[in-house]
Amino acid sequence: PKHTSQSMAAVSTRPADERELLSACPALAGTPLADLRSSDVKKKLLSMPVSHIFPGTRANEALTAAVAAGRARVSRASSEGSTSDADDAGLSAVIETLANLLSAPALKDERSSAAARAEVEGGSPPPRGLPRVLSSHSLSARLKSGTADAHKDAENVQYVRSLLRGKVSRQQYALLLRDLHHVYVALEAALDAAADRCEAVRAIHFPSQLGRREALALDLEAHAGGGWRETLGPPSPPCAEYVARITELGAATEASEAALLVAHAYTRYLGDLSGGQIIAKALRRHYGADAAMHFYRFDAIASPSAFKKVYRRALDELMTSSAAVDAEALVAEANSAFSFNARIFRHLDAVCGLAAPAPSPSAAAPEVATAAAAAPASTTGTAAA
């Protein structure tokens, strides 16, 4: 942030004042940060009390000075060509997250910062350490918290609930696979294209580990037959809109606009590695252990949980790189992605007769007639809720 950068620059040009400020903090007293290894600087920054983030205090000035010194450490290592120290990236991430935190609008508000300061200094509830505060302000954390409502809305659509209960026929499931195939063909083509010109997309693009196009085609053939393209028809209207948005971003020439693809990749891939695995277990129980579930299998990923950590770290480091990334814009785009998915599910509700009685096959559109004809016989033409 501009304000923070200016204040840090001012501090770092006055070595005597910086030393004085650093000595005001027990965690930094007598510590020549500029001469320490980056891992040591990182530990020093993270060992400070959380109260240091609140403005208008000597401690806050000490933290600002420490961040400036840490920046100088990273900058010096870069200029000297000693960037082989792998921990420099970790230090840079901590520094820039602290910088963002120090200039957060909520902390500039006199009343809110005073109330927060009183809570911390009062000791009830116990003060949170800086590592926990920092993690809550990372890009991955902001994406998760900022999309919580939209995520909940999407997963509570009746189609998803019925899918988990084993109340969706293979043909009805194939309609979802069809839409997902269109989404991933568009998403992966857009990511491939944008990765060449957008640093943010390149940082989170793992095509060999995450690619889903071929897996979806295999599942569609298994669940709907070799002629699934003709049988299932074109993508649903909400899917077509979803694809159009992804394609638009993939063709964007401005890096800041192409970077919004990160939100779509985050929404889809991390969802497949998380909740998608729960859906896969439910489908195996319903369709049989040998049912085609290629979409939910990531053979190139040994540990989904470990890979998700790597992916989140890549997201968080976007905020400290030269990539054109706007956290608020990414959160807004991720909410749009969840909305597109929810609309696809609601369309399937109507097509499969989950949200309302389905039209008779003779009067229905092709995909409605296909889904209704494939519904379990015990439901008299509609899937049970």
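Preceding block: the structure.
In this text, all values refer to a predicted model and were calculated from it rather than measured experimentally.

Draft legend 1. Seen up close, the overall build of the chain. Along the chain, the regular secondary structure elements total 23 helices and zero strands. Within the chain, contacts between residues at least 6 apart in sequence are counted, and of these 77% link residues at least 24 apart.

Draft legend 2. Inspection of the nonpolar core at higher detail. Judged by nonpolar contacts, the single largest core of 77 residues is most densely connected at Tyr159, Tyr173, Leu210, Leu261, Tyr311 and Leu315. For this core, the element with the highest residue contribution is helix α12 (residues 170–195), accounting for 14 residues. Sequence-distant contacts of Tyr311, defined by excluding residues within four places in its chain, comprise Ile204, Phe206, Leu210, Ala265, Tyr266, Tyr269 and Leu270.

Draft legend 3. Spatial organisation of the side chain of Thr267. Among the secondary structure elements, Thr267 is positioned in helix α19 (residues 261–273). Take Thr267: its relative accessible area is 8%, and that puts it in the buried class. Beyond its immediate chain neighbours, meaning those up to four positions away, Thr267 contacts Ala334, Ala337, Phe338 and Asn341.

Draft legend 4. Seen up close, the side chain of Ser140. Along the chain, the position of Ser140 falls in helix α9 (residues 139–146). Dropping the residues within four chain positions of it, Ser140 is found in contact with Tyr266, Arg312, Leu315 and Asp316.

Draft legend 5. Main features of the pattern of salt bridges. Summed over the entire model, instances satisfying the criterion amount to nine salt bridges. The salt bridge involving Glu333 is made with Arg245; its shortest N-O contact spans 2.9 Å. Taken together, the positions of Glu333 in helix α22 (residues 327–352) and Arg245 in helix α17 (residues 237–250) put the pair 88 residues apart, joining distant regions of the chain. Note on Glu333: relative accessible area 7%, which makes it buried.

Draft legend 6. Region of interest: the packing of aromatic side chains. The tally for this structure, following the rule as stated, stands at nine aromatic pairs. With a centroid separation of 6.3 Å and an interplanar angle of 40°, the aromatic rings of Phe307 and Tyr311 are classed as tilted. Taken as a pair, Phe307 and Tyr311 lie in helix α21 (residues 304–317) at a separation of four residues, close to a single helical turn. When its relative accessible area of 9% is taken as the criterion, Phe307 is described as buried.

Draft legend 7. Structural view of the packing of α19 against α22. Between α19 and α22, whose axes approach to 8 Å, the crossing angle comes to 50°. By the angle class used here, α19 and α22 are oblique. Judged by the sense of rotation from one axis to the other, the crossing of α19 with α22 is right-handed. Each of Val262, Ala263, His264, Thr267 and Arg268 in α19 lies in contact with α22, whose residues at this interface are Leu330, Glu333, Ala334, Ala337, Phe338 and Asn341. Across the contact of α19 with α22, the residue classes tally to six nonpolar, three polar and two charged.

Draft legend 8. Molecular detail of the packing of α12 against α22. Orientation of α12 relative to α22, taken along the N-to-C sense of each, is 150°, at an axis distance of 11 Å. Put simply, α12 runs roughly antiparallel to α22. Relative to α22, α12 is oriented so that their crossing is right-handed. For the pair α12 and α22, contact is made by Gln172, Leu175, Leu176 and Asp179 and by Ile344, Phe345, Leu348, Val351 and Cys352, respectively.

Draft legend 9. Molecular detail of the environment of Ser145. Relative to the helices and strands, Ser145 resides in helix α9. Ser145 sits in the exposed class, given a relative accessible area of 54%. Placed 186 residues apart in sequence, Ser145 and Val331 show a C-alpha to C-alpha distance of 9.1 Å.

About the criteria used
Residues numbered from 1 in each chain as written. Predicted model: local features only at pLDDT ≥ 70, side-chain atom pairs only at ≥ 80, totals over all residues. Heavy atoms only, no water. Helix = DSSP H or I, 4+ residues; strand = E, 2+ residues; numbered from the N terminus. Contact = heavy atoms within 4.5 Å. Core = buried A, V, L, I, M, F, W, Y, C linked by side-chain atoms within 4.5 Å. Buried < 20%, exposed > 50% of the residue type's maximum accessible area, 1.4 Å probe, protein only. Salt bridge = Lys/Arg side-chain N within 4 Å of Asp/Glu carboxyl O. Phe/Tyr/Trp six-rings, centres within 6.5 Å; stacked < 30°, edge-to-face > 60°. Axes fitted to C-alpha atoms, helices over the stretch in contact; angles between N-to-C directions. Parallel < 35°, antiparallel > 145°, perpendicular 65-115°, else oblique. Left-handed = near helix turned anticlockwise from the far one by under 90°. Nonpolar A, V, L, I, M, F, W, Y, C, P; charged D, E, K, R; others polar.

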